[in-house]
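Residue strings, one per chain:
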Amino acid sequence: MRYYAVDEYQFDSEQFHVSQLMNHNLSNGKKFTNSMYDIHTGQILGLFGKILAFMSSIIVASLPITGFIIWRNKKRKHKKKLSYLTEFFL
């Protein structure tokens, strides 16, 4: 289901009247607000957009993990280098 092209209904409680706002009559800001969910989930581009959103979320989720691994390896190499230097000079 796509939300960016949805018509809206408003209810006037004083006159008990239901009015319909067509999507093409809405302002650009309201159209953008309606499309935020579709942009966020990738639905606005169809199946390709969903795959693209999934792949980008996997990449973003892996960044902290790979950053930690790189940091830990640098720390280990630095310790090995220091231990080698202390053995050499002592």
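Residues numbered from 1 in each chain as written. Predicted model: local features only at pLDDT ≥ 70, side-chain atom pairs only at ≥ 80, totals over all residues. Heavy atoms only, no water.

Peer 1: Looking at this structure, I do not really get the overall build of the protein. What am I missing?
Peer 2: A tally of helices and strands in the protein yields two helices and two strands. Secondary structure elements of the protein occur, N-terminal to C-terminal, as β-β-α-α. Per-residue burial for the protein yields a buried fraction of 10% across its 90 residues. Working note: accessible area of the protein is about 8,000 Å², and carbon and sulfur atoms make up 66% of it. (Helix = DSSP H or I, 4+ residues; strand = E, 2+ residues; numbered from the N terminus. Buried < 20%, exposed > 50% of the residue type's maximum accessible area, 1.4 Å probe, protein only. Areas by Shrake-Rupley, 256 points an atom, 1.4 Å probe, with all protein chains shown as cover.)

Peer 1: Quick question: what am I supposed to make of the environment of I39 here?
Peer 2: Along the chain, I39 turns up in helix α1 (residues 28–41). Take I39: its relative accessible area is 45%, and that puts it in the partly exposed class. Considering only alpha carbons, one finds I39 and K50, 11 residues apart in sequence, at a separation of 9.6 Å. Leaving out residues up to four positions away in the same chain, I39 has contacts with F32 and I44. (Contact = heavy atoms within 4.5 Å.)

Peer 1: Would you mind going over the packing of aromatic side chains with me for this structure?
Peer 2: All chains considered together, the criterion is met by one aromatic pair. When the ring of F68 is compared with that of W71, the centres are 5.8 Å apart and the planes differ by 40 degrees; the resulting orientation is tilted. Here F68 pairs with W71, and both are found in helix α2 (residues 47–89), just three residues apart, close to one helical turn. (Phe/Tyr/Trp six-rings, centres within 6.5 Å; stacked < 30°, edge-to-face > 60°.)

Peer 1: How do you make sense of a nonpolar patch on the surface when you look at a structure like this?
Peer 2: A cluster of nonpolar side chains, namely F32, M36, I39, I44, L45, F48 and L52, defines an oily patch on the protein surface of about 700 Å² accessible area. Breaking the nonpolar patch down by element, the ones donating at least two residues are α1 and α2. At three residues, α1 tops the list of elements feeding residues into the nonpolar patch. Looking at where I44 falls in the secondary structure, it is placed in the loop between α1 and α2. Among the residues examined, I44 registers a relative accessible area of 33% and is labelled partly exposed. (Patch = residues over 30% accessible without salt bridge, like charges linked within 9 Å, V, L, I, M, F, W, Y side chains within 5 Å. Salt bridge = Lys/Arg side-chain N within 4 Å of Asp/Glu carboxyl O.)

Peer 1: Would you mind showing me how to read α1 here?
Peer 2: Since there are 3.6 residues in each turn of an α-helix, residues three or four apart along the chain are aligned in direction. In a regular helix each residue adds 1.5 Å, so 14 residues correspond to 20 Å; α1 covers 20 Å between its end C-alpha atoms and thus fits that length. Along α1, the largest kink reaches about 40 degrees and is centred on S35. Turning to α1, its buried residues number three or more, namely N34, S35 and D38. At the exit of α1 stands G42, carrying a positive phi of roughly 85 degrees. (Expected span 1.5 Å × (residues − 1). Bend = angle between axes of the 7 residues up to and from the residue.)

Peer 1: Is there a simple way to explain the environment of S19 in this structure?
Peer 2: Here S19 is to be found in strand β2 (residues 17–21). Sequence separation between S19 and Y9 is 10 residues; the distance between their C-alpha atoms is 5.7 Å. If near-sequence neighbours (up to four positions away) are discounted, S19 is found in contact with E8, Y9 and Q10.

In short, shape yes, function no, at least from these values alone.
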